[in-house]
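Report on the structure
Residues per chain, in single letters:
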Amino acid sequence: MVRRLNKLKVQRIEIYVKSKLLGKEVKIYAPYANSISEFSIYNQKLTSVDVRNAVELEELDLASNELSSLDVSKNTKLDYLDFSENKIKQSASNAILNALPKRTNDDKGEVWVFYNKDGREQNEMPNQQAIDAAMAKFWSVNHQGGDEKSTSTSPKKSLERK
């Protein structure tokens, strides 16, 4: 939707969020598409999020919710994603990793798929083929379970969650 605002054309983008805490779907409007480069909603019992219109998104943190899927196919600038501690089955995890945008060797992306340090993780690990596809696009695929140290399928500067 394009609106006239102070004689300037402004494109409004929408992000849709559905949460069990709120009990309803909430639309988040951003007056300037370029203004959303980071989006973080964690531990809010979100059941769905639609970020396809946020094409300038670089960092997305949706950890500790109740998501069963996520579409990042339109987020071509994404370089950090945390969807750990949700309810994402292996097929949906595979789809997320396959949809990640291509990065470069000098500007790798980082994705957290599984973080079970406190026993709340309900995600299923993606298969090796999806992990390999993400790595081929210069993404570090990170996971941690129980008392084990964080592991990455690709060398990365840090294995600390943001």
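To start, this report covers the structure provided alongside it.

Definitions and limits used
Residues numbered from 1 in each chain as written. Predicted model: local features only at pLDDT ≥ 70, side-chain atom pairs only at ≥ 80, totals over all residues. Heavy atoms only, no water. Core = buried A, V, L, I, M, F, W, Y, C linked by side-chain atoms within 4.5 Å. Buried < 20%, exposed > 50% of the residue type's maximum accessible area, 1.4 Å probe, protein only. Helix = DSSP H or I, 4+ residues; strand = E, 2+ residues; numbered from the N terminus. Contact = heavy atoms within 4.5 Å. Arc of directions from axis to C-beta. Polar contact = N/O pair within 3.5 Å; in protein donor to acceptor, adjacent residues only side chain to side chain.

Some words on the nonpolar core
Residues L60, L81, L97, L100 and V111 are the most contacted members of the largest nonpolar core, which totals 29 residues. Broken down by secondary-structure element, the contributors of at least two residues to this core are β6 (46-50), α1 (90-99), β9 (109-116), α2 (128-136) and β10 (139-145). The contacts of L97, once residues within four sequence positions are left out, are V111, V113, P126, A130, I131, A134, K137 and V141.

Some points on unusual backbone geometry
Non-glycine residue N43 carries a positive phi angle of around 60°. In this fold, N43 is placed in the loop between β5 (38-40) and β6. By relative accessible area, N43 is classed as partly exposed at 44%. Within the chain, K45 stands out as a residue other than glycine whose phi angle is a positive 60°.

Topic: α2
In an α-helix, one turn spans 3.6 residues, which is why side chains three or four residues apart end up on the same side. Taken together, the buried positions of α2 are occupied by A130, I131 and A134. Relative to the axis of α2, the buried residues are bounded by an arc of 100° and lie together on one face. Looking at α2, the residues exposed on the side facing more than 90 degrees away from the buried face are Q129 and A136. Where α2 starts, the residue carrying a side-chain oxygen 3.2 Å from the main-chain nitrogen of Q129 turns out to be N127. Backbone geometry just after α2 places F138 at a positive phi near 65°.

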